[in-house]
Structures are given as structure tokens and as C-alpha cells.
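Analysis of the macromolecular model
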Amino acid sequence: MDSVGVRGLAAAIVMQALTDYKQCVKIHKTYPEGSIMRKKAEAEMESIMDFAKSGWFLDLSIIPQSKFIAKLKELEK
């Protein structure tokens, strides 16, 4: 895979994390507290936030970590 392909894959991973977080927020807002679906969404949101705070995120993205984390938190509103 050439460098363009690698950059494209890295960007796709970061964008998928954002998309998944959006979906989890919708589930979190839809299902009642304590429900299995809500608990799964909360766990996934925590996992994505951990990714956003990781060195792996820094390796994959040129987006500043703080801006990406702020975007995730904004989605929760």
C-alpha cells in the first residue's frame, strides 16, 4: 500500500470513530437508563474516547487531539 493509501486508511479509521460515536450518542439518548442498549452505547463511547486520547490517534490523524475530543463532547449535547 502506498502512502496515499495509508493516509486514506488512517483518515477512514478516525472518521469511523466519529460516526460510531454519533450513533452511540443517539442510542444513549433513546434508550432508558440501565437498559442493555444504553450500557453498550456508553461502553463504546468510552472506548472511542480512549482512542481519541491515545497515541494511536496521534499516529493516525493530523487533527489536533483536543479538537477531536471537543467535537465528541459536543455531540453529546
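These remarks concern the structure in this document. For clarity, every value in this text was computed on a predicted model and none was experimentally measured. (Residues numbered from 1 in each chain as written. Predicted model: local features only at pLDDT ≥ 70, side-chain atom pairs only at ≥ 80, totals over all residues. Heavy atoms only, no water.)

**Description of the pattern of salt bridges**
Under the convention used in this document: One side-chain nitrogen of Lys or Arg within 4 Å of one carboxyl oxygen of Asp or Glu is enough to make a salt bridge. Numbering of helices and strands runs from the N terminus; a helix is a DSSP stretch of H or I covering at least four residues, while a strand is a stretch of E covering at least two. Relative accessibility thresholds used throughout: buried, under 20% of the residue-type maximum; exposed, over 50%; partly exposed, between the two (1.4 Å probe, protein chains only).
For the structure shown, the criterion picks out 2 salt bridges. A salt bridge links R38 to E42; its shortest N-O distance comes to 3.4 Å. With R38 and E42 both in helix α2 (residues 36-52) and 4 residues apart, this pair spans about one turn of that helix. For R38, a relative accessible area of 17% translates into the label buried. A residue is classified by how much of its surface remains accessible, and E42, at 34% relative accessible area, is partly exposed. E74 is the partner of K71 in a salt bridge, and the nearest nitrogen-oxygen pair spans 3.7 Å. Taken together, the residues K71 and E74, both in helix α4 (residues 65-75) and 3 residues apart, mark about one turn of the helix. Assessed through its relative accessible area of 47%, E74 is described here as partly exposed.

Keep in mind these values describe shape, not function.
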